[in-house]
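Summary of the model geometry
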Amino acid sequence: MGVFFKIYITVLSILLISACGKEANDKALGLAKLEVSPAGQGLLVGDSFQYIAKFIDARGVEQTDLEVEWFSSNMNVATISAQGKVVGVSEGRSQISARITTDGSGVTESNIVELTVVNDPLVPAKVVINNTDNNVMIGSAVLLSADVFNVDGVILDAETIFWASDDEAIATVDEFGLVNVLSAGTVNITASVGNVFSPVLTLTVRVENNRRVASFQSVGGYNISGEATLQVTAEGKLEVVFATGFSVEDGPGLEVFLSNTQSPTVNSVNLGPLQSTSGLQTYAVPPTVLIDDYAWIIIHCVPFDVVFGRGKFEDLEG
């Protein structure tokens, strides 16, 4: 009887491991993303261009061979096919976007990209802001620059560039592209020449040395202990650091989430698989997330939709 019981337990364990290896659905995994590229494009009347749509599901896995719906905001300027091929019809601007519907994620809307259609191959058709760092601190000043291109990608001689901020309570930008950072939040900066607009540059403004800490509590009897700190790095990026004393009971498919509810939902942020069941480890947080956006950090067993533990963030100065 004892031998049979051991064999039964072994077989059951194998079955559970096998089940965990199957593809889980997107329930409670966070937001899926659909990215259309390139972010800004110029096109001559009568010419065509192929857009690309990249779909990342709520598990952070790229999915292909999905049906994409394409949209042009101004069909008099540009038409777009079911395959994402756009044709310039007349001079002007149109915004291009896409949408994907899946059983797991439902409807996922893409980003919106600018398309400029021109009659003259020598005039401005594309503006690009030259900036690689989207994280800034309150009180800082950032000097931006932009290049202007024709439809062939040739940089044109100096043009008068108009700069704009969509929230001057967070940051202002002057005629030279100098951004003065005033308060925490996210702000969109654009550069334009005539009717040609750059892709939006989203700046995330953070408070230096702002930190929040959470102490993990067990859920459902699973062993977990230690702390997680949500903090701003010296470069202005946001990260979660598990303390050296962190420990959690092992389980299948454990992943880390930021959430405003005590269990992950489609509005939670998936930081990825748990790196280790114990000890110091660091997780990068998406650049547009602010330090006060989420209340909870959660260790979640994805295949079985079970929370192993969670902690609520509290402010920690210094």
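Details of the structure are given in the entry above.
Since the structure is predicted, the reported quantities are computational estimates derived from the model, not experimental observations. (Residues numbered from 1 in each chain as written. Predicted model: local features only at pLDDT ≥ 70, side-chain atom pairs only at ≥ 80, totals over all residues. Heavy atoms only, no water.)

With that settled, the discussion passes to the layout of surface pockets. Roughly 680 Å³ of volume is contained in the largest pocket. What lines the largest pocket is a set of 26 residues, among which Glu35, Ser110, Asn111, Ile112 and Thr202 lie closest to the centre. For the lining of the largest pocket, the secondary structure elements donating two or more residues are β1 (33-37), β4 (52-56), β9 (92-102), β11 (113-118) and β21 (201-206). The residue makeup of the lining of the largest pocket, split by class, is 11 nonpolar, 9 polar and 6 charged. What the second largest pocket holds in volume is close to 360 Å³. Around the second largest pocket, the lining comprises 20 residues; the ones closest to its centre are Leu31, Lys33, Val269, Asn270 and Pro286. It is strand β29 (residues 269-273) that provides the largest number of residues to the lining of the second largest pocket, a total of 3 residues. (1 Å grid on protein atoms, 1.4 Å probe; cavity = no way out; pocket = protein on both sides within 12 Å on 5 of 7 lines; lining within 4 Å. Points joined across faces, edges and corners; volume = space filled by probe spheres on them. Helix = DSSP H or I, 4+ residues; strand = E, 2+ residues; numbered from the N terminus. Nonpolar A, V, L, I, M, F, W, Y, C, P; charged D, E, K, R; others polar.)

Enumeration according to the criterion identifies 5 salt bridges in this entry. Salt-bridge contacts for arginine 212 lead to aspartate 292; the nearest nitrogen and oxygen are separated by 3.9 Å. Here aspartate 292 lies in the loop between β30 (281-284) and β31 (296-301) and arginine 212 lies in strand β22 (residues 211-215), a separation of 80 residues in the sequence. A salt bridge links aspartate 315 to arginine 212; its shortest N-O distance comes to 3.3 Å. A residue pair is termed long-range when its members are at least 10 positions apart, and aspartate 315 in strand β33 (residues 314-316) and arginine 212 in strand β22 qualify at 103 residues. Residue aspartate 315 is classed as exposed on the basis of its relative accessible area of 54%. Judged by its relative accessible area of 10%, arginine 212 is buried. Here the salt bridges share partners, and the residues they tie into one network are Glu69, Arg99 and Glu109. (Salt bridge = Lys/Arg side-chain N within 4 Å of Asp/Glu carboxyl O. Buried < 20%, exposed > 50% of the residue type's maximum accessible area, 1.4 Å probe, protein only.)

Here we take up the pairing of strand β28 (residues 254-259). Of all the 6 residues making up β28, 6 are buried; the element is thus mostly covered by neighbouring parts of the structure. Burial along β28 is two-sided: Leu254, Val256 and Leu258 and Glu255, Phe257 and Ser259, pointing in opposite directions, are all buried. In this structure, β28 lies alongside β31, joined through 6 bridges in antiparallel fashion. The residue bridging leucine 258 from the neighbouring strand is isoleucine 297, located in β31. Here β28 pairs with β29 via 4 bridges, running antiparallel. (Pairing = 2+ DSSP bridges.)

Turning to the sheet that holds strand β8 (residues 85-88), a few remarks are in order. The sheet built from 3 strands is open, its strands ordered β3-β8-β7 with antiparallel pairing. If you trace the sheet from one side to the other, it starts and ends with β3 (48-50) and β7 (78-80), each paired once. Here the average twist between neighbouring strands, direction ignored, is 20°. With 3 bridges joining them, β7 and β8 adopt antiparallel strand pairing. In the strand pairing of β8, alanine 78 is matched with glycine 88. (Axes fitted to C-alpha atoms, helices over the stretch in contact; angles between N-to-C directions.)

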